[in-house]
Amino acid sequence: MAEENKIVIYAALAGNLLIAATKAAAAAITGSSGMLSEAVHSFVDTGNEALLLYGMHRSSRAPDAQHPLGYGRELYFWSFMVALMIFALGAGVSFYQGVIHLLHPQPIENPLVSYIVLGLSLVFEGASWTVAFRSVHRDKGEMGYWQAFVATKDPPKFMVLLEDTAAITGILIALAGTWAATTLHMPRFDGIASLLIGLVLAVVAWFLARESKALLIGERADPALQDEIANLARTFPGIDGVNGVITTQLAPDQVAVALSVEFASGQSVEDIEKLVDDLEDAIRRRRPEVFSLFVKPQTPDAFHRAKERRYGHNLPVDSEGDR
């Protein structure tokens with residue numbers, strides 16, 4: 001999974017770097033506000049891919065005494081920073097350029113250069129988008145794309161896909177703005193194009209920030225994982241019942257699990273230790289993403305009292321995997 005993510009990100013980084021340099025040169029030649037906004041957008045996207053790669057590298061470090069559960073959430077932190085960059089740099093500069101060109105409109109020089117550069121950019125962005133789309137399409141299964149985006153615990157591929165989608169939308173807006181500004185002899189359309197590009201980037205940044213924040217502060221793992229762990233624990237002789245399962249996502253391939261069980265009476269400490277070891281081995285064989293497993297012996301009454309102390313009385317029945 002990590003290697004596939006890197007391929008998607010490297011493809012986007014190479015394309016954006018080439019496109020950004022080309023757009024910047026074209027903006028200097030033509031004086032187009034929309035083209036300059038697109039150049040800034042592509043440079044921001046290039047930096048974003050670099051941040052995602054850095055986050056993947058940092059999150060792969062092994063646990064240590066200071067971070068006993070590892071560094072997996074660094075990926076979510078840097079994903080959140082990417083969203084902030086899209087908003088602050090991409091959208092911010094586009095809005096600024098749009099306002100400046102609305103207040104002081106300047107005609108676009110050499111519009112043919114803009115058309116050529118934007119056309120080539122559309123081809124390059126389309127190639128990067130295709131790589132990301134195919135990867136997301138394989139991973140989403142039967143879920144819809146929006147449902148998969150909300151449910152994913154692995155944001156990089158979705159971030160690249162949304163960035164590329166925003167980039168293609170921005171290119172089409174820049175093309176329309178350039179055509180309107182030159183054909184209708186109304187340079188203000190160039191500024192309007194910049195404002196629309198800024199709006200697209202702001203919306204994308206908001207969605208990415210919202211999803212990254214949920215993972216960064218601690219989102220539960222896939223409910224199907226909770227069910228599978230609870231059902232597996234019930235099959236073990238020596239466990240009379242499973243009270244609940246609490247999970248939190250540490251990284252795309254790392255989950256911390258707390259399992260509350262009621263052990264059968266009459267077992268020795270050595271029996272319980274062996275039972276817990278066997279249960280942990282069985283869970284990790286079936287679901288290797290379980291990075292840390294904590295098993296707590298509790299009666300059902302003690303479990304529910306602890307749950308009420310933690311959450312109050314308005315907790316949904318299935319929020320901890322209760323069965």
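As the structure is a prediction and not an experimental result, all values here were calculated from the model.

Quick look at a negative patch on the surface now. Negative charge collects at one region of the surface, where E270, D271, E273, D277 and D281 lie side by side. Here D277 is to be found in helix 9 (residues 269-286).

Using the criterion set out here, one finds 9 salt bridges in the structure. Among the ionic pairs, R287 bridges to E289, the shortest N-O distance being 2.7 Å. Here R287 matches E289 in class, with each residue buried. In this structure, a network of salt bridges that share partners links the residues E228, R286, R287 and E289.

Moving on, we come to the pairing of strand 1 (residues 239-251). A regular strand places its side chains so that they alternate between the two faces of the sheet. Taking burial as the measure, the 13 residues of strand 1 include 10 buried ones, the bulk of the element. Where strand 1 lies against strand 2 (residues 254-263), 10 bridges are found, and the strand directions are antiparallel. Note that in strand 2 the partner of T247 across the bridge is V257. As consecutive antiparallel partners, strand 1 and strand 2 are separated by 2 residues.

The biggest cluster of nonpolar side chains holds 38 residues, and the ones touching the most others in it are V160 and L208. Counting residues per element, the ones that place at least two in this core are helix 1 (2-30), helix 2 (33-59), helix 3 (74-103), helix 4 (111-140), helix 5 (145-151), helix 6 (155-183) and helix 7 (188-216). If we skip the residues at most four places from it in the chain, V160 touches V8, I9, A12, E49, L52 and A132. Membership of the second largest hydrophobic core comes to 21 residues, among which are L225, V255, V257 and L275.

Take the sheet that holds strand 1 next. Reading across from one edge, 1-2-3 is the order of the 3 strands in this open sheet, with mixed pairing throughout. The open sheet has two edge strands with one neighbour each: strand 1 and strand 3 (290-297). Taken over all neighbouring pairs, the strand axes of this sheet differ in orientation by 15° on average, direction set aside.

A few words on helix 4. Turn by turn, an α-helix covers 3.6 residues, leaving residues three or four places apart pointing in a common direction. Along its 30 residues, helix 4 runs 41 Å from first to last C-alpha, staying within 8% of the 44 Å computed at 1.5 Å per residue. Looking at helix 4, one finds that the buried residues are S114, V117, L118, S121, E125, G126, S128, A132, S135, V136 and K140. Where helix 4 ends, the next residue or the one after it, G141, has phi of about 65°, a positive value.

Turning to the pairing of strand 3, a few remarks are in order. Two elements, strand 2 and strand 3, share 7 bridges in a ladder whose sense is parallel. Paired with L259 across the bridge in strand 3 is V295. Crossover handedness for the path strand 2 to helix 9 to strand 3: right-handed.

As a further point, take the packing of aromatic side chains. Following the criterion strictly, the structure yields 6 aromatic pairs and no others. With a centroid separation of 5.2 Å and 80° between ring planes, the pair formed by Y54 and W78 is classed as edge-to-face. Of this pair, Y54 sits in helix 2 while W78 sits in helix 3, and the two are 24 residues apart along the sequence. Of the residues examined, Y54 reaches a relative accessible area of 38% and is grouped as partly exposed. Ring geometry for W206 and F207: centres 5.0 Å apart, planes at 75°, overall edge-to-face. Given the relative accessible area of 26%, F207 is considered partly exposed. A network of ring pairs unites the aromatic residues Y54, F77 and W78 as a single cluster.

Take a nonpolar patch on the surface next. A cluster of nonpolar side chains, contributed by L18, L112, I116, L120, V123 and F124, occupies part of the molecular surface with about 570 Å² of accessible area. The element that contributes the greatest number of residues to the nonpolar patch is helix 4, accounting for 5 residues. Structurally, I116 can be placed in helix 4.

The geometry of helix 3 relative to helix 7 is characterised by a closest axis approach of 7 Å and an angle of 165° between their N-to-C directions. Compared by their axis directions, helix 3 and helix 7 come out roughly antiparallel. Helix-helix and strand crossings are classified by hand; for helix 3 and helix 7 the assignment is left-handed.

What follows is about unusual backbone geometry. Glycine aside, a negative phi is what most residues show, and trans is what most peptide bonds show. The backbone of H185 shows a phi angle near 55°, a positive value even though the residue is not glycine. On the secondary structure map, H185 appears in the loop between helix 6 and helix 7.

Another aspect to go through is the side chain of S260. In this structure, S260 sits in strand 2. Only 2.7 Å separates the side chain of S260 from the side chain of Q298, close enough to count as a polar contact. Apart from residues lying up to four places away in sequence, S260 is in contact with V242, N243, G244, K296, Q298 and F303.

Attention now moves to the environment of L196. By the secondary structure assignment, L196 is in helix 7. The class for L196 is partly exposed, based on a relative accessible area of 40%.

Parameters at a glance
Residues numbered from 1 in each chain as written. Predicted model: local features only at pLDDT ≥ 70, side-chain atom pairs only at ≥ 80, totals over all residues. Heavy atoms only, no water. Patch = residues over 30% accessible without salt bridge, like charges linked within 9 Å, V, L, I, M, F, W, Y side chains within 5 Å. Areas by Shrake-Rupley, 256 points an atom, 1.4 Å probe, with all protein chains shown as cover. Salt bridge = Lys/Arg side-chain N within 4 Å of Asp/Glu carboxyl O. Lys, Arg positive; Asp, Glu negative; His and termini not counted. Charge placed at Lys NZ, Arg CZ, Asp CG, Glu CD. Helix = DSSP H or I, 4+ residues; strand = E, 2+ residues; numbered from the N terminus. Buried < 20%, exposed > 50% of the residue type's maximum accessible area, 1.4 Å probe, protein only. Pairing = 2+ DSSP bridges. Core = buried A, V, L, I, M, F, W, Y, C linked by side-chain atoms within 4.5 Å. Contact = heavy atoms within 4.5 Å. Axes fitted to C-alpha atoms, helices over the stretch in contact; angles between N-to-C directions. Expected span 1.5 Å × (residues − 1). Right-handed = clockwise from strand over helix to strand, strands pointing away. Phe/Tyr/Trp six-rings, centres within 6.5 Å; stacked < 30°, edge-to-face > 60°. Parallel < 35°, antiparallel > 145°, perpendicular 65-115°, else oblique. Left-handed = near helix turned anticlockwise from the far one by under 90°. Polar contact = N/O pair within 3.5 Å; in protein donor to acceptor, adjacent residues only side chain to side chain.

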